Amino acid sequence: MEKKQIAIIGAGIAGLIACKYCIAKGFNPIVFEFESHIGGVWAKTLKDTRLQIPKTMYQFSDYPWPASVTHNTPTQQEMIDYIHSYAKHFQLLPHINFCSKVKAVSYDGPSSDSWDLWNGTGEPFPPQGKWNLTVENTKTATTQVYTVDFLILCIGRNKDVPNMPKFPQGKGLDVFQGKALHSSQFSALDNDEAEQLIKGKKVVVVGLGKSGLDIARSCAEINGPEHPCTVVYRHDHWKLGDWNPMGIPLINLIFGRFPVLGVHKPEQGFLLSVVATLLSPVRWTLLKLLESHTKMTLPLAKYNMVPEQGIGEDMASGLVMHVPDPDDFFDLLKKGSLKLKKTPTYNMYEKGFSIVEQEEKTRIEADIAIFSTGFNGVEKVKNIFESATFGHFISDSPRVGLYRECIHPRIPQLGILGFSDGLSSLYTSEMRCKWLAAVLEGSVKLPNINEMQKNIKEWDEYMKQASGHNHYRSFLGSIEIWYSDVVCKDMGVNPMRKKGLFANMFEAYGPSDYADI
């Protein structure tokens, strides 16, 4: 019997894992990658960037980090080398078409309007239905149409469609006389180009997320207090400088089963709901102790960086940030090489930014403005479909509701990976790839469309409650282990992966615990 053809768009981490598991299940995957290399967002980032979480929580389940990588948070180059080693080990590169821009995808099959079951049959490969992908080879400028049995989008949220702020007429980029670029454009420069661009210049970075912080630190280290880098941002989020506060491994709090028992989770049932109510004060106390420890060990109050919201909300929405070498960061602030300007609103004028600081209007001159303001991931996914109906299904919710964070009940023969995230994106992406591969081989049967939609709504309500106004981020923060338990049960495997009750309850769960699935 001829192997089913699976098209995968994107050769970042999710795309590579999807390719690996499709091969393992006997399918014939073909990966389309716009760039000339693999690695996704890791391939184009600053050389100083490090992994934010311990490497044991960010590794392929069946391919551990090599012994040569000794630091707990590897560098960008070590990350790239690791990804390439994985792709080579599992012979993924022959399946990847590089410099391949997918210009459009269209579905040739029956309408889903009247379906009770996904694909009309509940099976991944119905009798009728194919995807057609129009792909341009950017090297040869030739176009080819590929017809496949199933499509997996691995294009992520944090790439390709920059989210730039909108300003009133005459108060934005239309009047600014300096150079403005998005953080992704800056990160795409080679190291020498980036240094030459900012050296001796007045640089303003907008946004204090992970990329904004990395870029600001790099600019401050290059220019020093003679030409300080200014960061303009609206909200503070919790920053951690230690993965073992008070001698307690933080990953046990984030990725352990016991702390999650104190969370009201989707699909938990009556008994676990009672347990969550009883243990929620314990979890609240642990989080408050973590907040207190952070404020005692980092000078957040000194620099007006204490967040208004609790650390639990930031954790649930993926906005908690580990600051590598925090002493160096706060030393830059102390020396004046780095300046923080928190403001509820900002505009631009010819020479820089106009902000409101402590109810006073302030102007900040800038030669270069770097906007670390995220990406419009929903728009990117929506626009890939020729079908306006499919595009509407995607953009109907700011979070993009997917069953098991992988499948839209009304879009046939399609999986989406890497759009919904977790505190360890590799960890969550691999669990989803395992689950989706099981769906494709038929060992996981999906419920009917109504049940899937009810389930999506239940998870949606949890995310709204847990992450507040950051609900749009599609983030599983704080309950990755519960999500893993749920998909393990779907696949018919025991979610208790460790030996002994104590280990299962109190030790952190990581990718290696799921290596044999």
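This one's a predicted model, so the numbers in the text were calculated from it and none came from an experiment. (Residues numbered from 1 in each chain as written. Predicted model: local features only at pLDDT ≥ 70, side-chain atom pairs only at ≥ 80, totals over all residues. Heavy atoms only, no water.)

Concerning the overall build of the chain
The condition is simple: The secondary structure listing takes helices from DSSP runs of H or I that are at least 4 residues long and strands from runs of E that are at least 2 residues long, numbered from the N terminus. In this treatment the radius of gyration is a C-alpha quantity, and the globule benchmark scales as 2.2 Å times the residue count to the 0.38 power. Each residue gets one of three labels from its accessible area relative to the maximum for its type: buried under 20%, exposed over 50%, partly exposed in between, using a 1.4 Å probe on protein chains only. Working rule for contacts: check all heavy atoms of both residues, and any pair within 4.5 Å makes them a contact. Areas reported as accessible are Shrake-Rupley estimates using a 1.4 Å probe. Residue values count occlusion only from the protein chains shown. Neither His nor the chain ends contribute to the count of charged residues, in which Lys and Arg are positive and Asp and Glu negative. Note on charges: their place is set at NZ of Lys, CZ of Arg, CG of Asp or CD of Glu.
Scanning the chain from terminus to terminus reveals 16 helices and 18 strands. Taking 24 Å as the expected radius of gyration for a compact globule of 517 residues, we find that the chain reaches 23 Å, a close match to that expectation. Across the 517 residues of the chain, 53% fall into the buried class. In the chain, 72% of the contacts between residues at least 6 apart in sequence involve partners at least 24 apart. In the form shown here, the chain has an accessible surface area of approximately 22700 Å², with 51% of it arising from carbon and sulfur atoms. Here the chain holds 55 positive side-chain charges and 56 negative ones, and the gap between their average locations is 1 Å.

Section: the sheet that holds strand β5 (residues 130-137)
Applied cut-off: Following DSSP output, two strands are said to pair if at least two bridges run between them. Lines fitted to C-alpha atoms define the axes here, with helix axes fitted over just the stretch in contact, and angles between the N-to-C directions of these axes take values from 0 to 180 degrees.
The three strands lie next to each other as β4-β5-β6, forming an open sheet whose pairing is antiparallel. The open sheet terminates on both sides in strands that have one partner only, identified here as β4 (100-108) and β6 (142-148). In this sheet, neighbouring strand axes are inclined to one another by 20 degrees on average, regardless of whether the strands run parallel or antiparallel. The sheet contact formed by β5 and β6 spans seven bridges and is antiparallel. Looking at the pairing, Leu133 lines up with Tyr146 of β6.

A short note on the nonpolar core
The line we're drawing: Take the buried residues of types Ala, Val, Leu, Ile, Met, Phe, Trp, Tyr and Cys, join any two whose side-chain atoms come within 4.5 Å, and each joined set is a nonpolar core. Reported domain spans reflect what an automatic or database domain assignment gives.
Judged by nonpolar contacts, the single largest core of 120 residues is most densely connected at Ile152 and Trp435. Ranked by residues supplied to this core, first place goes to helix α13 (residues 425-441) with 10 residues. Formed jointly, this core draws a minimum of three residues from each of two domains, domain 1 (5-159 + 376-478) and domain 2 (179-371). Counting residues in each nonpolar core, the second largest holds 27 residues, with Trp131, Leu133, Leu151 and Phe390 among its members.

Quick notes on the packing of helix α5 (residues 210-223) against helix α10 (residues 326-335)
Quick reminder of the rule: If an angle is under 35 degrees, it is roughly parallel; if it is over 145, roughly antiparallel; if it lies from 65 to 115, roughly perpendicular; otherwise it is oblique. For a crossing to be left-handed, the near helix must be turned anticlockwise from the far one by less than a right angle; the clockwise case is right-handed. Under the grouping applied here, Gly and all other residues not named as nonpolar or charged are polar, the nonpolar ones being Ala, Val, Leu, Ile, Met, Phe, Trp, Tyr, Cys and Pro and the charged ones Asp, Glu, Lys and Arg.
Running from N to C, α5 and α10 cross one another at 60 degrees; their axes reach a closest spacing of 11 Å. It follows that α5 is oblique to α10 by the angle criterion. Along this stretch, α5 crosses α10, giving a crossing that reads as left-handed. Contact residues: α5 offers Leu213, Arg217, Ala220 and Glu221, while α10 offers Asp328, Phe329 and Leu332. Split into classes, the residues belonging to the contact of α5 with α10 amount to four nonpolar, no polar and three charged.

Some points on the domain arrangement of the chain
Our working rule: In this description, buried area is defined as the sum, over both parts, of the accessible area (probe of 1.4 Å) that is lost when the two are combined. By definition here, a salt bridge exists when the distance from a side-chain nitrogen of Lys or Arg to a carboxyl oxygen of Asp or Glu is within 4 Å.
Under the domain assignment, the chain is made up of domain 1 (5-159 + 376-478) and domain 2 (179-371). Just the C-alpha atoms count here: the centres of domain 1 and domain 2 sit 27 Å apart. The interface is formed by 27 residues belonging to domain 1 together with 29 residues belonging to domain 2. For the pair domain 1 and domain 2, the summed buried surface comes to about 2600 Å²; carbon and sulfur atoms form 60% of the total. When the buried area of domain 1 at its contact with domain 2 is split by residue, Leu46, Gln52 and Ser478 rank highest and sum to 27% of it. The tally of links from domain 1 across to domain 2 stands at one salt bridge.

What to know about the sheet that holds strand β3 (residues 96-97)
Within the open sheet, the five strands sit side by side as β3-β2-β1-β7-β18. Their pairing is parallel. Pairing within the sheet leaves two strands with one partner each, and these edge strands are β3 and β18 (414-416). With four bridges joining them, strand β1 (residues 5-9) and strand β7 (residues 150-153) adopt parallel strand pairing. Note on β7: the bridge partner recorded for Ile6 is Phe150.

Examining the side chain of His293
Inspection of the secondary structure puts His293 in helix α8 (residues 269-297). Here His293 falls in the buried class, since its relative accessible area comes to 13%. Here His293 is in contact with Asp242, Pro245 and Met246, once residues within four sequence places are set aside.

Concerning the pattern of salt bridges
If you walk through the whole model with that rule in mind, you get 18 salt bridges. Across the pair Asp62 and Lys20 runs a salt bridge, and its minimum N-O distance is 2.4 Å. Placement of the pair is Asp62 in the loop between β2 (28-32) and α2 (76-89) and Lys20 in helix α1 (residues 13-24), with a sequence separation of 42 residues. Asp236 is the partner of Lys342 in a salt bridge, and the nearest nitrogen-oxygen pair spans 2.5 Å. Placement of Lys342 in strand β13 (residues 338-342) and of Asp236 in the loop between β10 (229-233) and β11 (239-240) is noted, with a sequence separation of 106 residues between them. Within this structure, Glu267, Arg404 and Asp490 form a network of salt bridges that share partners.

Section: the pairing of strand β15 (residues 352-357)
Across four bridges, strand β14 (residues 346-349) lies against β15 in antiparallel orientation. Residue Tyr346 lies in a different strand from β15, and its bridge partner there is Ile355. In textbook terms, the turn of a hairpin is the stretch between consecutive antiparallel strands, and for β14 and β15 this stretch comprises two residues. Strand direction decides the pairing type here: β15 and strand β16 (residues 360-365), joined by six bridges, are antiparallel.

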